[in-house]
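The residues making up each chain are set out below.
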Amino acid sequence: MKIAVASGKGGTGKTFVSTNLFALMKKRGLEVVLADCDAEVPNSGIFLDREPGELYKVKSFRPSINTDKCTMCGRCADYCEYNAITCVPEMDYIAVLPELCHGCTACTYACSEDAIEEGWANIGQVSALRENGVADVFEARVRVRQMSPVPVLRKAVELAEAAEAEHIIMDAPPGCACPFVNTVIFADLTLLVTEPTPFGLSDLKHTIAVLRQLERKFAVIINRADLGAEEMKQYLEEEGIELMAEIPYSERIAERYSRGELIIEYDEQIKEKFEQLLERIIKYEDSNNQR
Amino acid sequence: MKTAIISGKGGSGKSTVSAAFIALAGDVVAVDCDVDASNLPLLFKHEVLASESFASGHVVNTLAEKCVGCGRCAEACVYHAIEMSEGKAVVNPLLCEGCGLCEKICPSEALRLESEAGSIIYESHFDYGDLIHGDLKPGDDNSGLMIARLRKIADKKMAEKGATMQILDGPPGIGCPVISTITGADKVIIVCEPTLSGVSDLKRAYQAAISFCVDISVIINKADINTANRNDVRTFCSDMRLPILAELPFDRVMVESQINRLDIISYAPESECAYRLREAYKKII
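The sections below set out a description of the structure shown in this document. Treat the numbers as computed from the prediction; the structure is a model and nothing was measured.

## Here's the deal with the overall build of chain A
- Secondary structure assignment for chain A yields 10 helices and 11 strands.
- Its C-alpha atoms put chain A at 70 × 45 × 40 Å along the principal axes.
- Restricting to contacts in chain A with at least 6 residues of sequence separation, those with at least 24 account for 74%.
- Per element, the accessible surface of chain A, about 12,500 Å² overall, is 44% carbon and sulfur.
- Each charge class in chain A was averaged separately, 32 positive and 48 negative side chains, and the resulting centres sit 3 Å apart.

Next comes the structure, spelled out in structure tokens:
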């Protein structure tokens, strides 16, 4: 099963949940790999003791124009919805603005003179991280100042799938725009990690609207639950949304987390919570398989 | 002066710091640039004065009766947004980036690129001045473009009212919406927390910001939760010559203020956090 761990609001505990759940599943002897899809600011590697493995470069199409073949017809500029090609026939001038290019390849279809040559820009990388020589964590990291992390996080998911483990956990990026969509779309179940604050609840509702539009299955985990989760629980109940876990707030957790440590290694109470969560996930999977 | 507040890592306290600075500024044009999860309107009672619909992108609509099922569009789409289902092209609008390639190569004119409205931009009035905010249509892309529009409205307001301070509350991450938030800002403040992830994200946010703005400073939130990491942040800031405007102690009063829907300056004016934010604000003006 593929599980995405997501949240609308940042900093609610996605990486905390995904790394601890992942480590617990490993301890239980389950076959599982982790894809860190938060390619703008990936962090799961910090919490997992792994050796560096292979690096996979991610490239995106960027056109370059062969001016010997170009007839200045301007069709490529017309095809480009991102205004990344400027063509001024009167001045015999044509140029590509690579920062605006989204790599859609429309220009190559536009050109009848074969004047658009394929170039490839390095937009990021996926690092495979290994335990005992076997890669089980795939961390997406987009290059700074790149517009879209999507091709990079997709590569991480692709590599995680190629590992052919029984389970994949995907640590999703925050927000509910395209990087988020391009992660949860692969998941059989999305776990939304939220916190019971006005910001947390508002962002959760936005995220749920997107997941419903995508027709994705999801359940909720309330982190820092003892801040007072009544309003949030009432909302979940009214909407018929499954609450899979409540994790209490504790300075111990914050402190361990700040050092890049896995909480399940040190805190029996929290470990218990994650064990209950895992049981519910497995139960969820079984009931889904029967259907 | 335009001050953008960003963080790299989500949940570091961007909105809390922004809200405090807004309260301190008094007469301000505030912009909530986190358009897919905007939070300032939840914190401040406001009255919407005007709203406009915003076409945040393009989407492709299919005319099934014209589709001949050749599959060229699905093959060409680099975003994997088109699937062939029962011999017809089906576009997933959430994956579609609106490049329009499919429309151009379709032999039977079965696909049409159309601009998509559905996002809304608001101009509101609140106790501290003007609040410009928006709701990006869920799942839409192009929040960068929408932020650019919010900022244009904010600049106009600023000129009209003669306000001197504009505060931009940024989105998390370091990608296109963040770049759109900090482009042309006079100051960028990075809020970070001294966790290993926080330190790593501060460095990424700094790299992203430095090519767009030279005046960058840092606020360390929850500064006392990890001394070693806090010292790493201090060292990084001193190496990069980034002033640290404030180190805020870890205090539940910060989250309580949010639960009570107030900025920290109004909720707990005597708290250490409020004191340090007041001192920080004096440094930026």
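So that's the structure; there's more coming.
## As for the packing of helix α7 (residues 196-210) of chain B against helix α8 (residues 227-239) of chain B
Residue and element names in this part refer to chain B.
- At their nearest, the axes of α7 and α8 sit 9 Å apart, and the two run at 15 degrees to each other. In terms of their interaxial angle, α7 and α8 are classed as roughly parallel. Here α7 runs over α8; the crossing is right-handed. Residues L196, V199, L202, K203 and Y206 of α7 touch α8, and the partners they reach there are N229, V233 and F236.

## Section: the sheet that holds strand β10 (residues 218-223) of chain A
Residues and elements named next belong to chain A.
- Pairing is mixed in the open sheet, where nine strands are placed in the order β3-β6-β7-β2-β8-β1-β9-β10-β11. A single partner strand is all that each edge strand has here, and the edge strands are β3 (51-65) and β11 (243-247). For this sheet, the mean inter-axis angle between neighbouring strands, taken without regard to orientation, is 20 degrees.
- As judged from the five bridges shared by strand β2 (residues 32-36) and strand β8 (residues 167-171), these two strands associate in the parallel manner. What sits directly across from L34, in β8, is I169.
- Of the strands in this sheet, β1 (2-6), β8, β9 (189-194), β10 and β11 are in contact with helix α10 (residues 268-290), which crosses β11 at around 175 degrees.

## A short note on the interface of chain A and chain B
- On the chain B side, the residues contacting the 56 residues of chain A number 57 residues.
- When the two sides are added together, the surface that chain A and chain B hide from each other amounts to roughly 4,900 Å², 60% of it contributed by carbon and sulfur.
- Considering only the side of chain A, the residues that lose the most area to chain B are E40, R145 and F199 of chain A, jointly responsible for 13% of the buried surface there.
- Run the count over chain A and chain B and you get one salt bridge.
- Two residues, E81 of chain A and K104 of chain B, come together in a salt bridge whose shortest N-O distance is 3.2 Å.

## Here's the deal with the nonpolar core
- Within the largest apolar cluster, 85 residues are counted, with the highest numbers of intra-cluster contacts made by I94, F138, M170, F180, L192 and L204 of chain A.
- With six residues, helix α5 (residues 150-162) of chain A is the largest single contributor of residues to this core.
- With 42 residues, the next largest nonpolar core counts V35, C192, A205 and V218 of chain B among its residues.

## Let's talk about a negative patch on the surface
- Judged by side-chain charge, E251 of chain A together with D224, D251 and E256 of chain B come together as a negatively charged surface patch.
- Within the secondary structure layout, D251 of chain B lies in the loop between β13 (244-247) and α9 (253-259).
- The class for D251 of chain B is partly exposed, based on a relative accessible area of 31%.

Procedures and definitions
What you see as residue numbers is a count from 1 along each chain, following the sequence as written. For naming, the first written chain is A and the first written ligand is 1, with later ones following in the order written. Per-residue local features are limited, in this predicted model, to residues with pLDDT of at least 70; the limit for side-chain atom pairs, both in listing and counting, is 80 or more; totals at the level of whole chains, interfaces and linings are taken over all residues. Excluding hydrogens and water, the side-chain figures rest on all heavy atoms present in the structure. Strands are runs of DSSP state E lasting at least two residues, helices are runs of H or I lasting at least four, and both sets are numbered from the N terminus onward. Contact criterion: two residues are considered in contact whenever any of their non-hydrogen atoms come within 4.5 Å of each other. Here, Shrake-Rupley sampling with a 1.4 Å probe gives the accessible areas, and only protein chains in the shown set may cover a residue. In this tally, Lys and Arg are treated as positive and Asp and Glu as negative; His is ignored, and so are the chain termini. A charged residue contributes its charge at one atom only: NZ of Lys, CZ of Arg, CG of Asp or CD of Glu. To obtain each axis, a line is fitted to C-alpha atoms, and for helices this fit is confined to the stretch in contact; angles are then taken between N-to-C directions over 0 to 180 degrees. Here the word oblique covers every angle except those under 35 degrees (roughly parallel), over 145 (roughly antiparallel) and from 65 to 115 (roughly perpendicular). It is the rotation of the near helix from the far one that decides the hand of a crossing: anticlockwise by less than a right angle makes it left-handed, clockwise makes it right-handed. A strand pair is defined by DSSP finding two or more bridges across the two strands. Two parts placed together each lose some accessible area; with a 1.4 Å probe, that loss summed over both constitutes the buried area. The salt bridge definition used is simple: a Lys or Arg side-chain nitrogen within 4 Å of an Asp or Glu carboxyl oxygen. Only buried residues count toward a nonpolar core, which is a set of Ala, Val, Leu, Ile, Met, Phe, Trp, Tyr and Cys residues joined through side-chain atoms within 4.5 Å. With a 1.4 Å probe rolled over the protein chains alone, any residue whose accessible area is under 20% of its type maximum counts as buried; one over 50% counts as exposed, and the rest are partly exposed. Think of a patch as exposed residues, more than 30% relative accessible area, with no salt bridge, where like charges cluster within 9 Å and nonpolar side chains (Val, Leu, Ile, Met, Phe, Trp, Tyr) cluster within 5 Å.

These figures capture arrangement, not role.
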